[in-house]
Amino acid sequence: MQIDIRPLKIEDYEELRETMQKAYPAMSESIWSKTSIKKLIKLFADGQICITVDDKIAAVCLSLIVQYELYGDDHTYKEITGNYTFNTHSDTGNVLYGIEVFVDPEFRELRLARRLYDARKELCEKLNLKSIIVGGRIPNYHLHSKDLSPRQYIQQVRKKELYDPVLSFQLANNFLPVRVLKNYLPEDLHSAENAVLLQWNNIYYSKKPNTMQDSVIRLGLVQWQMRHFKDIDAFFEQVEFFVNVMADYKSDFIMFPEFFNTPLLAPFNDLSERDSMFKLAELTEAIKNKLSQLAIGYNINIIGGSMPLVENEELYNVSYLLHRDGKIDEHRKVHITPNEKKFYGMKGGDQIKVIDTDCGKVGLVICYDVEFPELPRLLADQGMKILFVPYLTDTQNAYMRVRNCASARAIENECYVAIAGCVGNLPGVNNMDIQYGQAAVFTPSDFAFPSNAIKGEATPNTEMTLIVDVDLNLLKELHHYGAVRTMSDRRKDLYDTISYRNDPDAE
């Protein structure tokens, strides 16, 4: 007999399905689909493990990494898996969450589950995660539910006065009960829909710098005054001033506006608007690298407004998120305004995705993008909690379009939306004459939030900063207990929002 433990592959799916059906004969409707397994492997290949016996799938465990503070000790299986979409997975999370373990009954005497749990512990230590957490079934509870409460049943299993095939095994593997989870898995009738929240702590865990320790995130927004700079070093000096200020106030993020670097267009004013923007794009790499250095040096995540980018002779409007750990993400403006097309010949991007940060999942769109509700909705479906919108508007009515749409996006997607733009005038730069702006942070509209759904706003048309704390746990409360629940009450039997380009499994 040859026993091997290895990463799960999508080619294993048919055997996985057969094994799961044998392991859970009473829960045939809960068998994972091939699409779900494919997505899990794509998201977190190391967390999906199988054991083969003579090259046949005999046992499987599935896991996610989550930022546990966002869910806490009172959650359901549906919530921790993002309604089975796995959008709760975060590469920057701090807990390995076990979502599935099953063993073919034919091989249960081989103690394969213990090998899977040992593999999980090794993975937890390797990735420097704080703990492993599982919502453990108590399948024998239905035999005692008339006489014992779930708490009493757990106590008797711990004392070894009763035996439960799942809980007894987990206790023997040094998992400690934390609490009873009610209505954890509604289809688990043997457990009477209860589960035991169990935790194994990684004693080698070393606290990661900048890991979110609670749900409160501090946002810093820059209302950027348009002014001339003698050179790029003077521009960097002004940028670093604001980064330093926001870092002193312990902000987790600082956001600059769209095209906040356009004062550097002044030397090219004799060129056409498009040619001058191509010249400005030559500075983008240097600005991006400088912002990344500042993010690392000042320990703050920077949304670098937006800048022109040339690729294959095409001109894009791109915003960079410079993480304080050195990682860099980007968003290319999808919806190009008529003026951007007319004067610069800009091309729209074709990707929309959430960004994992040390403060949870965020979204990033640029100005006109926020006026199209589909983009933020796609981000919300992927777990986005904060949407950042750098913008550039010349008139008050243009600003109001961005502002009102941003506020609507916060309500309909149960998220926070932060906007920041440029203010003042910029004579001597073509097509950048006047600016109107007012930075703000918008919230959903419910009792836990300000009555006007505005967490904070700056004074219009004045250079200043806006610093706002947002609590991600309030979004969780809203989702479950709000007066209205826009995300869960959608009629997905009638309509849905799907990005075919971003979802290779879409049909």
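Each remark here, short or long, concerns the structure printed above.
Visitor: It is not clear to me how the packing of helix α7 (residues 232-248) against helix α9 (residues 284-298) should be interpreted in this structure. Could you clarify?
Guide: Between two packed helices, what matters for the description is the angle formed by their axes and the separation of those axes. At their nearest, the axes of α7 and α9 sit 11 Å apart, and the two run at 30° to each other. Accordingly, the angle class assigned to the pair α7 and α9 is roughly parallel. Crossing of α7 against α9: the hand is right-handed. Within the contact between the two elements, α7 uses Ile232, Phe235, Phe236, Val239, Glu240, Val243, Asn244 and Ala247 and α9 uses Ala286, Ile287, Lys290, Leu291, Leu294 and Tyr298.

Visitor: Just to check I follow, could you spell out a negative patch on the surface for this structure?
Guide: Taken together, the side chains of Asp4, Glu15, Glu18, Asp54 and Asp55 make up a negatively charged region of the molecular surface. With respect to the helices, strands and loops of the structure, Glu15 is situated in helix α1 (residues 13-23). Under the relative-accessibility criterion, Glu15 is labelled partly exposed at 33%.

Visitor: Honestly, the packing of aromatic side chains in this entry has me stumped. Any pointers?
Guide: Two aromatic rings, taken as a pair, are described by how far apart their centres are and by the angle between their planes. Overall, the coordinates contain 23 aromatic pairs when judged by the stated rule. On the basis of an interplanar angle of 20° and a centroid distance of 5.0 Å, the ring pair of Phe256 and Phe260 is categorised as stacked. You'll find Phe256 and Phe260 in the same group, each marked buried. On the basis of an interplanar angle of 50° and a centroid distance of 5.6 Å, the ring pair of Tyr399 and Tyr436 is categorised as tilted. Placement of the pair is Tyr399 in helix α12 (residues 396-413) and Tyr436 in the loop between β19 (434-435) and β20 (440-442), with a sequence separation of 37 residues. The exposure class of Tyr436 is buried, given its relative accessible area of 16%. Pairwise contacts between aromatic rings join Trp224, Phe229, Phe235, Phe236, Phe241, Phe242, Phe256 and Phe260 into one cluster. It is Arg120 that lies over the ring of Tyr117; its NZ or CZ is 5.6 Å from the centre. The cationic tip of Arg332 hangs over the ring face of Tyr316; the distance from NZ or CZ to the ring centre is 4.8 Å.

Visitor: Is there a simple way to think about the packing of helix α11 (residues 374-381) against α12 in this case?
Guide: It is the contact of α11 with α12, at a shortest axis distance of 10 Å, that shows an interaxial angle of 35°. Between α11 and α12 lies a crossing whose hand is right-handed. Across the interface between the two elements, Pro376, Arg377 and Ala380 of α11 pack against Arg409, Glu412 and Asn413 of α12. Grouping the amino acids of the contact of α11 with α12 by side-chain chemistry returns 2 nonpolar, 1 polar and 3 charged.

Visitor: When you look at the side chain of Asn173 in this model, what are you seeing that I'm missing?
Guide: Note on placement: Asn173 falls in the loop between α6 (167-172) and β6 (176-181). Residues in contact with Asn173, not counting those within four places in the same chain, are Arg114, Tyr117, Asp118, Lys121 and Trp200.

Visitor: Just to check I follow, could you spell out the pattern of salt bridges for this structure?
Guide: Think of it this way: side chains of opposite charge can pair up when their charged atoms draw near. Evaluated as defined, the whole model comprises 22 salt bridges. For Glu282, the salt bridge is made with Lys279, and the minimal N-O distance between the two is 3.7 Å. Residues Asp381 and Arg490 are paired through a salt bridge, measuring 2.8 Å at the closest nitrogen-oxygen approach. Here Asp381, found in helix α11, pairs with Arg490, found in the segment after α13 (472-481); they are 109 residues apart in sequence, far enough to count as distant.

Visitor: Is there a simple way to explain the sheet that holds strand β3 (residues 56-66) in this structure?
Guide: Strand pairing in a sheet relies on backbone hydrogen bonds, with the paired strands running either antiparallel or parallel. One open sheet holds the 7 strands; their spatial order is β1-β2-β3-β4-β5-β7-β6, and the pairing between them is mixed. Since the sheet does not close on itself, it has two edges, and those belong to β1 (3-7) and β6, each with one partner. Direction aside, the axes of adjacent strands within the sheet are offset by 25° on average. For β6 and strand β7 (residues 195-201), the ladder comprises 5 bridges, and the chain directions are antiparallel. Bridging across to β7, Arg179 finds its partner in Leu197. Where helix α4 (residues 112-126) meets the sheet, its contacts fall on β1, β2 (49-53), β3, β4 (95-103), β5 (131-136) and β7, and the angle it forms with β4 comes to roughly 165°.

Visitor: Before we go on, may I ask you to explain the sheet that holds strand β16 (residues 386-390) in this structure?
Guide: The strand order β14-β15-β16-β17-β20-β21 describes an open sheet built from 6 strands, whose pairing is mixed. Edge strands, defined here as strands with exactly one partner in the open sheet, are β14 (355-357) and β21 (454-457). Ignoring strand direction, the axes of neighbouring strands in this sheet form an average angle of 20°. In the sheet, strand β15 (residues 360-364) pairs with β16 via 3 bridges, with the strands oriented parallel. In the strand pairing of β16, Val362 is matched with Ile386. The sheet strands contacting α12 are β17 (416-420), β20 and β21, and the helix crosses β17 at an angle near 165°.

Visitor: I keep staring at unusual backbone geometry and nothing clicks. Help me out?
Guide: With glycine set apart, most residues show a phi of negative sign, and most peptide bonds adopt trans. With a phi close to 70°, Tyr84 is a non-glycine residue in the positive phi region. Of note, Tyr84 is situated in the loop between α3 (77-80) and β4. If you check the backbone angles, Asn128 has positive phi at about 55° while not being a glycine. Mapped onto the fold, Asn128 is located in the loop between α4 and β5.

Visitor: Looking at this model, I keep getting lost on the pairing of strand β12 (residues 314-322). Mind explaining?
Guide: Of all 9 residues making up β12, 8 are buried, and the element is well covered by its neighbours. Note that strand β11 (residues 307-311) and β12 share 5 bridges and pair antiparallel. The residue bridging Glu311 from the neighbouring strand is Glu314, located in β12. The loop that links β11 with its antiparallel partner β12 comprises 2 residues; one of these, Asn312, has a positive phi angle of about 55°. As paired strands, β12 and strand β13 (residues 328-332) are joined by 5 bridges and run antiparallel to one another. Looking across to β13, one finds that Leu321 is bridged to Asp329. Between β12 and β13, which follow one another and run antiparallel, lie 5 residues, and Gly326 among them has a positive phi close to 100°.

Reading the values: rules and limits
- Residues numbered from 1 in each chain as written.
- Predicted model: local features only at pLDDT ≥ 70, side-chain atom pairs only at ≥ 80, totals over all residues.
- Heavy atoms only, no water.
- Axes fitted to C-alpha atoms, helices over the stretch in contact; angles between N-to-C directions.
- Helix = DSSP H or I, 4+ residues; strand = E, 2+ residues; numbered from the N terminus.
- Parallel < 35°, antiparallel > 145°, perpendicular 65-115°, else oblique.
- Left-handed = near helix turned anticlockwise from the far one by under 90°.
- Contact = heavy atoms within 4.5 Å.
- Patch = residues over 30% accessible without salt bridge, like charges linked within 9 Å, V, L, I, M, F, W, Y side chains within 5 Å.
- Areas by Shrake-Rupley, 256 points an atom, 1.4 Å probe, with all protein chains shown as cover.
- Salt bridge = Lys/Arg side-chain N within 4 Å of Asp/Glu carboxyl O.
- Lys, Arg positive; Asp, Glu negative; His and termini not counted.
- Charge placed at Lys NZ, Arg CZ, Asp CG, Glu CD.
- Buried < 20%, exposed > 50% of the residue type's maximum accessible area, 1.4 Å probe, protein only.
- Phe/Tyr/Trp six-rings, centres within 6.5 Å; stacked < 30°, edge-to-face > 60°.
- Lys NZ or Arg CZ within 6 Å of the ring centre and 35° of its normal.
- Nonpolar A, V, L, I, M, F, W, Y, C, P; charged D, E, K, R; others polar.
- Pairing = 2+ DSSP bridges.

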